[in-house]
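Commentary on secondary and tertiary structure
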Amino acid sequence: MRDPKLREIDERAFLRRLDPMLDVYAAAMEPPAEQLPGRHTIMERHSSYPAFRAFVAERRGALPGLPGPVQGFAYGFHGERGQWWHDVVYHALSEREGVDHAEAWLEDPFEVAELHVHPDAQGRGLGRGLLTALCEGRQERTVVLSTLDRRPDTPARRLYRSVGMVDLLTDFEFPGGGPRYAVMGGTLPLAPYPPASSSP
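Residues numbered from 1 in each chain as written. Predicted model: local features only at pLDDT ≥ 70, side-chain atom pairs only at ≥ 80, totals over all residues. Heavy atoms only, no water.

Right, let's get into the pairing of strand β2 (residues 53-60). β2 sits mainly inside the fold: 7 of its 8 residues count as buried. Across 5 bridges, the pairing between strand β1 (residues 5-9) and β2 is antiparallel. Residue pairing in the sheet places Lys 5 in a bridge with Glu 58 of β2. (Buried < 20%, exposed > 50% of the residue type's maximum accessible area, 1.4 Å probe, protein only. Helix = DSSP H or I, 4+ residues; strand = E, 2+ residues; numbered from the N terminus. Pairing = 2+ DSSP bridges.)

Let's shift gears to the pattern of salt bridges. Under the criterion given, the structure shown has 11 salt bridges. Salt-bridge contacts for Asp 167 lead to Arg 161; the nearest nitrogen and oxygen are separated by 3.1 Å. Residue Glu 173 pairs with Arg 180 through a salt bridge whose shortest N-O separation is 3.2 Å. Residue Glu 173 is classed as partly exposed on the basis of its relative accessible area of 34%. Each of Asp 149, Arg 157, Arg 161 and Asp 167 takes part in a single network of salt bridges with overlapping partners. (Salt bridge = Lys/Arg side-chain N within 4 Å of Asp/Glu carboxyl O.)

Our focus in this paragraph is the packing of aromatic side chains. Throughout the structure, instances matching the rule amount to 7 aromatic pairs. Ring geometry for Phe 14 versus Phe 52: centroids 4.9 Å apart, planes at 75°, classification edge-to-face. One end of the pair, Phe 14, is in helix α1 (residues 11-16); the other, Phe 52, is in the loop between α3 (36-46) and β2, with 38 residues separating them in the sequence. Across this residue pair, the class does not change: Phe 14 and Phe 52 are buried. Between the aromatic rings of Phe 174 and Tyr 181, the centroid separation amounts to 5.5 Å while the plane-to-plane angle is 75°, which identifies the pairing as edge-to-face. (Phe/Tyr/Trp six-rings, centres within 6.5 Å; stacked < 30°, edge-to-face > 60°.)

Don't take any of this as a statement about function, it's just geometry.
Pasting the structure below:
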């Protein structure tokens, strides 16, 4: 079976793939099943955000020209005031480190909303490929995201650190409860070495 290929998709193609992308999300994150309809709605809404960009890792379909099973996906957009994640993180950074610190990271950010690879396809560089492709050529000054804070050395945390991202918040609980997250940030363009400093 051929390895998945990365491809950029537009908003319409993204919406057509929501269900298989949610399957990848569910396999990678193992959320309660009752949360998936809400995640579907959030992802659908995100596709209308400014400067939206998305990539998928797909295997070639059985029929020529048809997309194969989605093995991974990533998407993001330009972050700005009025977006839920942006406002929550801005407030938390302002409280902990001051408004100047929050502005430095969130004045002109590319926000990576989701990046997931199916567990069966992990360990082959798909996550790094998706992140690199997603951030390539972006005009924003910083890139920010949140990832589960199960422990500091997860594969995801190692990946993000390897491209210069640092912890901005750790052991962070978003409103509404749920698992703890780390919020991470880096400067654009991504550079594997050396790691970014604690201020952009």
